[in-house]
Amino acid sequence: MVKHEHHNHQDQKHVHIHEGNHRPHDHHIHEEHGKGKIHDEHGHHGHNHGSHGGHGHHDHSDMVEDFKKRFFISLIITIPILALSPMIQEFMGVDWRFANDQYILFILSTFVFFYGGWPFITGGINELRDKNPGMMTLIGLAITIAYVYSTLVVFGWEGHNLFWELATLVDIMLLGHWIEMRSIMGASNALEKLVKLMPNEAHKLDFNDEVHDVPISQLTNGDRVLVKPGEKIPVDGQILDGKSTIDESMLTGESVPVEKGKADEVIGGSVNNEGSLIIQVEKTGEASYLSQVITLVKEAQESKSRTQDLTNRAAKWLFYLALTAGFATLFIWLALGYPFYVALERMVTVMVITCPHALGLAAPLVVAVSTAISANKGLLIRNRANFENARNLNAVVFDKTGTLTEGKFGITDIIPSEGFSEEEILIWGASLEQNSEHPIATGIVKSANDRGINLKPITEFNSITGKGIEGIIEGKKVNAVSPGFVHSENMDYDKQTFNEMSALGKTVIFVLLDDELIGMIALADIIRESAKEAISELKEKGVHSIMLTGDNEKVAYWVAKQLDIDEVYAEVLPDDKANQVREIQSKGWKVAMTGDGVNDAPALATADLGIAIGAGTDVAMETADVVLVKSDPKDVVDLMELSQKTYRKMVQNLWWATGYNIFAIPLAAGILAPIGIVLSPAVGAVLMSLSTIIVAINAKLLKA
C-alpha cells in the first residue's frame, strides 16, 4: 500500500476537527480515530466477564433441558396416575380398582412430587430464605398441600385424594416454565452472535519464530501471534511488526478502515485487510473489548426496568393475597359445612390460579425480547429505565463528526482550470490515485467509479513526501499535490474559490498534467444519507434535532444546512456541552444526547437519555444509557420506536396478568358454586398456564 500526504495549507485544521478535542484529524494520522478508545480498564464493577459467551449461555441451556426432561418424564408417569385415580375412573364410568392400587398411586405420585416438583419446592425455600416470597413459593405450597393431604387420605384419612390434580399441576407448571425459559433463551441468543465475531484459533509464534496454531483460550499476555491478510485478529494487543489497514466496523462502528503500524493497538474480532501483522497479546478473555461488549448486552438483559420492579412487587403481594384468599376459602367452605377435602380442594385451586407466573413473566420476557431485537439492530441498552423513557423525548442533540457525517471523504466540488472539463480532472486525478488505498484516494476513486468513469493505467508511481504523488499515465506526467506545493511553485489558481472551500473545512487537492495546473478537487467528510432520513423522521415525530459540536461555525452550519437542522451550537468547549444540554432541558424538554468522546461524557450523563456512538471512547460508553454500535443516526429513531413498542407490550402483559387474576380468584374460591360451576386445581392450572403462554406469545410478537 502506498502512503502519501495531501496537506491543506490553510489554518483550517486540514480535513476536519475531531469534536471538542480540537485535534487535527488529517488523513495521515487516520489510525488515531479508532485507537485507544475502546479498552475498558474498570472491569464493569466486578461482573464475571469470563462467562459471557460460554457458561452463562450453557447454564441457561442446561436449565431449559432440565425442565424439558422433567416435564416429559412427569407427563409419562401422570398417565398411570390418572388411570389409578378413583375420581377419574368415576368420571369415565369405569372401575379399574384392584388390591393395593392406592399404594401404587401413592408411589407414582411421590415420584412426580419430588422429581417434577423439586424445582418449585427448592425455589420456594430459596424465596422464603430471602424473605421474598413469590411464584415458586406459591407453586411449592400448592403442590405440598395437595401431596400431604392426599397421602393422609391413602393412609386412612376421610376424603378423596388429589394425586391426579397434583400430577397434572406439576406437568403444566413444568410446561409453562419450559416455554418461558425457551423464550428467554431465544432472546439471549444475541450474545451468541457477538461471540461468533471472535475466531477460535490463533497462529502463535514461539521463540524460534515458528508458527503453531493454538486455541485462543491458551494465549496469555505477552504471547506473539501472526495475523495473515484477510484474517480476524484473535485478541486485543499491540502491533510489534507489520503495517495494514484494519476493519473495525463490526466492533467500533468506524466505517473507514484504520491504518495501523508498529506500536498501534488492535482489537480482537476486527479484520486485518492486507498486510501481515505480528501482534503482542495484551488482553485476553474477560479483559478483551468484545467480552466487555457482551457484558453490556448481558447487563442490559439482566438490568431491572421500572416496569419490571413493579411486576416483582406485584408478584410478592399476589403471594400474600393467594395465601389470604386460600385460607379464607378453606375456612368459609368449612364454615358452610363442607368436608375438609372439598374445602382443601378449593384452597389449592385458589393458590394455584393466583400463581403470579404470568405477572412475573410479563415484563422480563418483553425486556429479553426487546434487548435481543435492539442488539440485532446494533443498539446496546445499558439502562433499561432510561431506554423505556425514550418514547417521551422532545429533542435529540447530535454530535457531528462520525455521527451525522460518515467519517470518510467524498468529492464535493471539482473546479477545472480554463480549457479543461470536470470529467477530465476526475479521470486524471482518479487514475493517479487508484494505486493508493488512502481515505482521500479512496474518496476520489469511488466518486469516479460512481460516475462510470474508466480509469487509465499507470506505468510509474511515486510518492513525494509532504507534497503529494506523481505518476506516468499514457506517457504524460500527472501530479496530485497539496496547496503548499502550488504555493511554493507560484502557480496561478482561483484563490477565492479555494479559500471559500477551505473555510468550510474541505480538503483541496490540485491536479497537474505535465506540470500544468488543470484543476482542483475538493473533498469533505461525507454526510450520511441515513442522517438526512433520521432528521426528517424526527421532524415528522415532532422531535427537535440539534447539532452540538466543537467544530468551527462555518463547517457546522454547512453540515446543518445539508441536513435541514435548524438549531446549531458550534465551537462549544468540552466543559460547556453539559451546560448546553441543561439549557435545552430548561425548556421542559426530555433530551437525548449522542456523543463519542471523553468530552461528551458529562453531557451524556446530564441528558435524559445518553446515547454513545460505538466508535467512541470507553468513558462515553460507560456514561451512556444506550450504545449505537453502527454509529448510525437513524438508529436513534429506531430506538424511540422500539422504546414505544416495548412499553406498549409491557402494559398489555401487565393488564392481562393482573386482570386475569382479578377474574380468576373469586372463580377458584367457588363464588359460582351455587350454580354448579366449580374449578378443579387442574383446570385452575390450565387457565394459569394459558395466561402464561398468552403473555409469552404476546412478548414474542414484539417486532422491530
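Model, not experiment: these values are computed from the prediction.

1. Here we look at the packing of aromatic side chains
(1) Moving on: Counting across every chain of the model gives 17 aromatic pairs.
(2) Moving on: Ring centres 6.3 Å apart and planes at 20° place the aromatic pair Phe 106 and Tyr 147 in the stacked group. Residue Phe 106 is found in helix 3 (residues 101–116), and its partner Tyr 147 is found in helix 5 (residues 135–154); the two are separated by 41 residues along the sequence. Comparing Phe 106 with Tyr 147, the two get one shared label, buried.
(3) Moving on: Three or more aromatic residues joined by ring pairs make a cluster, and in this case those are Tyr 103, Phe 106, Phe 113, Phe 114, Tyr 147, Phe 155 and Phe 163.

2. Considerations on the nonpolar core
(1) Moving on: Grouped together as the largest cluster of nonpolar side chains are 46 residues, with contacts concentrated most on Ile 81, Phe 120, Ile 143, Phe 163, Leu 166 and Leu 344.
(2) Moving on: Among the secondary structure elements, those contributing two or more residues to this core are helix 1 (55–84), helix 3, helix 4 (118–129), helix 5, helix 6 (163–188), helix 10 (306–335) and helix 11 (340–353).
(3) Moving on: The element that contributes the greatest number of residues to this core is helix 5, accounting for 12 residues.
(4) Moving on: The contact partners of Leu 166, leaving out residues within four places of it in the chain, are Ser 109, Phe 113, Ile 143, Ala 146 and Tyr 147.
(5) Moving on: In terms of nonpolar packing, the next biggest core, distinct from the first, is built from 44 residues, Val 366, Leu 538, Val 559 and Ala 560 among them.

3. Concerning helix 18 (residues 529–540)
(1) Moving on: The first and last C-alpha atoms of helix 18 sit 17 Å apart over 12 residues, in line with the 16 Å expected at 1.5 Å per residue.
(2) Moving on: When we look at burial in helix 18, the residues that qualify are Ser 530, Ala 531, Ala 534, Ile 535 and Leu 538. Relative to the axis of helix 18, the buried residues are bounded by an arc of 135° and lie together on one face. Exposed side of helix 18, more than 90 degrees from the buried face: Glu 529 and Glu 540 are the residues found there.
(3) Moving on: Check the buried side of helix 18 and you find it contacts strand 13 (395–398), strand 20 (544–548), helix 19 (553–563) and helix 23 (634–669).
(4) Moving on: Directly beyond the C-terminal end of helix 18, a positive phi value near 80° is found at Gly 542.

4. Side note on the sheet that holds strand 21 (residues 567–569)
(1) Moving on: Judged by pairing direction, the sheet is mixed, and its 7 strands sit side by side in the order 12-24-23-22-13-20-21 without closing on themselves. The open sheet terminates on both sides in strands that have one partner only, identified here as strand 12 (379–381) and strand 21. Strand-to-strand twist across the sheet, computed as the mean angle between neighbouring axes with direction ignored, equals 20°.
(2) Moving on: Strand direction decides the pairing type here: strand 22 (residues 591–595) and strand 23 (residues 609–613), joined by 4 bridges, are parallel.

5. Remarks on the pattern of salt bridges
Between side chains of opposite charge, a pair can form as their charged atoms come close.
(1) Moving on: The full count for this structure, using the stated rule, is 16 salt bridges.
(2) Moving on: In this structure, Lys 204 engages Asp 223 in a salt bridge whose closest nitrogen and oxygen atoms are separated by 3.7 Å. Taken together, the residues Lys 204 in strand 3 (residues 201–205) and Asp 223 in the loop between strand 4 (211–215) and strand 5 (224–227) connect sequence positions 19 residues apart.
(3) Moving on: Assessed through its relative accessible area of 12%, Asp 223 is described here as buried.
(4) Moving on: A salt bridge links Lys 577 to Asp 399; the shortest N-O distance between them is 3.7 Å. Of this pair, Lys 577 sits in helix 20 (residues 574–585) while Asp 399 is found in the loop between strand 13 and strand 14 (405–416), placing the two residues 178 residues apart along the sequence.
(5) Moving on: By relative accessible area, Lys 577 is classed as buried at 0%.

6. As for the packing of helix 3 against helix 4
(1) Moving on: One can describe the packing of helix 3 onto helix 4 by two numbers: an axis separation of 4 Å at closest approach and a directional angle of 50°. Between helix 3 and helix 4, the angle is such that the two are oblique. Seen from helix 3, the contacting residues are Phe 113, Phe 114, Tyr 115 and Gly 116; seen from helix 4, they are Trp 118, Pro 119, Phe 120 and Ile 121.
(2) Moving on: When grouped by side-chain class, the residues that make up the contact of helix 3 with helix 4 number 7 nonpolar, 1 polar and no charged.

7. Some details on the pairing of strand 23
(1) Moving on: With 5 of its 5 residues buried, strand 23 lies for the most part within the structure.
(2) Moving on: The alternating pattern of strand 23 places Leu 609, Ile 611 and Ile 613 and Gly 610 and Ala 612 on opposite faces, both of which are buried.
(3) Moving on: Note that strand 23 and strand 24 (residues 626–628) share 3 bridges and pair parallel. Bridge pairing in strand 24 places Ala 612 opposite Val 627.

8. Details of the pairing of strand 6 (residues 236–241)
(1) Moving on: Sheet topology note: the strand 6/strand 11 (residues 277–283) ladder contains 5 bridges and is antiparallel. Opposite Ile 239, over in strand 11, you have Ile 279 as the bridge partner.
(2) Moving on: Here strand 6 runs beside strand 9 (residues 265–266); their pairing, made up of 2 bridges, is antiparallel. In the strand pairing of strand 9, Gln 238 is matched with Glu 265.

9. Re a nonpolar patch on the surface
(1) Moving on: There is a patch of nonpolar side chains on the surface, built from Val 148, Leu 152, Trp 157, Phe 327, Phe 331, Leu 334 and Phe 340 and spanning about 620 Å² of accessible area.
(2) Moving on: Looking at the nonpolar patch, the elements that each hand over two or more residues are helix 5 and helix 10.
(3) Moving on: Per-element tally for the nonpolar patch: the top contributor is helix 10, with 3 residues.
(4) Moving on: The class for Val 148 is partly exposed, based on a relative accessible area of 42%.

10. Things to note about the UniProt feature "transmembrane region" (unreviewed entry) in the protein
(1) Moving on: In this structure's numbering, the residues bearing the UniProt feature "transmembrane region" (unreviewed entry) are residues 71–88, 103–125, 137–156, 162–179, 317–341, 347–375, 654–677 and 683–702.
(2) Moving on: Secondary structure content for residues 103–125 is 96% helix and 0% strand, and the end C-alpha separation is 28 Å.

11. Focus on the environment of Val 626
(1) Moving on: Along the chain, Val 626 turns up in strand 24.
(2) Moving on: Since its relative accessible area comes to 0%, Val 626 is described here as buried.
(3) Moving on: As for Val 626 and Arg 382, which are separated by 244 residues in sequence, their C-alpha atoms are 5.6 Å apart.
(4) Moving on: Those residues in contact with Val 626 that lie beyond four places of it in its chain are Leu 379, Leu 380, Leu 609, Gly 610, Ile 611, Ala 612 and Leu 639.

12. Things to note about the environment of Ile 427
(1) Moving on: Mapping Ile 427 onto the fold places it in helix 14 (residues 422–433).
(2) Moving on: Taking the C-alpha atoms as reference points, Ile 427 and Ala 448, 21 residues apart in sequence, are found 7.2 Å from one another.
(3) Moving on: Dropping the residues within four chain positions of it, Ile 427 is found in contact with Ile 453 and Lys 456.

13. So, the sheet that holds strand 10 (residues 271–272)
(1) Moving on: Pairing within the open sheet is antiparallel, and its 3 strands lie in the order 8-7-10. Single-partner strands in this sheet number two, and they are strand 8 (258–260) and strand 10.
(2) Moving on: By the bridge criterion, 3 bridges tie strand 7 (residues 244–247) to strand 8 in an arrangement that is antiparallel. Looking at strand 8, one finds that Ile 246 is bridged to Val 258.

14. Structural notes on the packing of helix 14 against helix 15 (residues 439–450)
(1) Moving on: Two elements in contact, helix 14 and helix 15, have axes separated by 9 Å at closest approach and are oriented at 130°. Classified by the interaxial angle, the pair formed by helix 14 and helix 15 is oblique. Crossing of helix 14 against helix 15: the hand is left-handed. Contact with helix 14, carried on its side by Leu 426, Gly 429, Ala 430 and Glu 433, involves Ala 441, Ile 444, Val 445, Ser 447 and Ala 448 of helix 15 and no other residues of that element.
(2) Moving on: Partitioned by chemical class, the residues of the contact of helix 14 with helix 15 number 6 nonpolar, 2 polar and 1 charged.

What counts, and where the lines are drawn
- Residue numbers here run from 1 along each chain, matching the order of that chain's written sequence.
- Confidence filtering applies because this is a predicted model: local features only for residues at pLDDT of at least 70, side-chain atom pairs given and counted only at 80 or more, and all residues used for totals across whole chains, interfaces and linings.
- Heavy atoms from the whole structure form the basis of all side-chain values; hydrogens and water molecules are not counted.
- Here the aromatic set is Phe, Tyr and Trp, taking the six-membered ring for Trp, and pairing holds for ring centres within 6.5 Å; pairs whose planes are under 30 degrees apart are stacked, those over 60 apart are edge-to-face, and all others are tilted.
- The helix and strand labels rest on DSSP assignments: H or I over at least four residues marks a helix, E over at least two residues marks a strand, and numbering proceeds from the N terminus.
- The cut-offs for exposure are 20% and 50% of the maximum accessible area for each residue type, with area from a 1.4 Å probe on protein chains only; residues under the lower value are buried, those over the upper are exposed, and the others partly exposed.
- In plain words, nonpolar cores are sets of buried Ala, Val, Leu, Ile, Met, Phe, Trp, Tyr and Cys residues tied together by side-chain atoms within 4.5 Å.
- Contact definition: two residues touch when any of their heavy atoms are within 4.5 Å.
- In this scheme, a helix's expected span is set at 1.5 Å multiplied by one less than its residue total.
- Picture the helix axis, draw a direction to every C-beta atom, and the arc is the one those directions span.
- Paired strands, in this sense, are two strands between which DSSP finds at least two bridges.
- Angles run from 0 to 180 degrees between N-to-C directions of axes, and those axes are lines fitted to C-alpha atoms, restricted for helices to the stretch in contact.
- Salt bridge, as used here: a side-chain nitrogen of Lys or Arg that lies within 4 Å of a carboxyl oxygen of Asp or Glu.
- By definition in this entry, angles of less than 35 degrees are roughly parallel, angles greater than 145 are roughly antiparallel, angles of 65 to 115 are roughly perpendicular, and the rest are oblique.
- Polar here means any residue outside two lists: the nonpolar Ala, Val, Leu, Ile, Met, Phe, Trp, Tyr, Cys and Pro, and the charged Asp, Glu, Lys and Arg; Gly therefore counts as polar.
- Residues enter patches when their relative accessible area tops 30% and they take part in no salt bridge; the joining distance is 9 Å for like charges and 5 Å for the nonpolar side chains Val, Leu, Ile, Met, Phe, Trp and Tyr.
- Note that accessible areas follow from Shrake-Rupley with a 1.4 Å probe, and for residues the cover is restricted to the protein chains shown.
- UniProt positions are given in the numbering used here, feature names are shortened, and annotations may be inferred rather than shown by experiment.
- Crossings are classed by handedness, with left-handed meaning an anticlockwise turn of the near helix from the far one by less than a right angle and right-handed meaning a clockwise turn.

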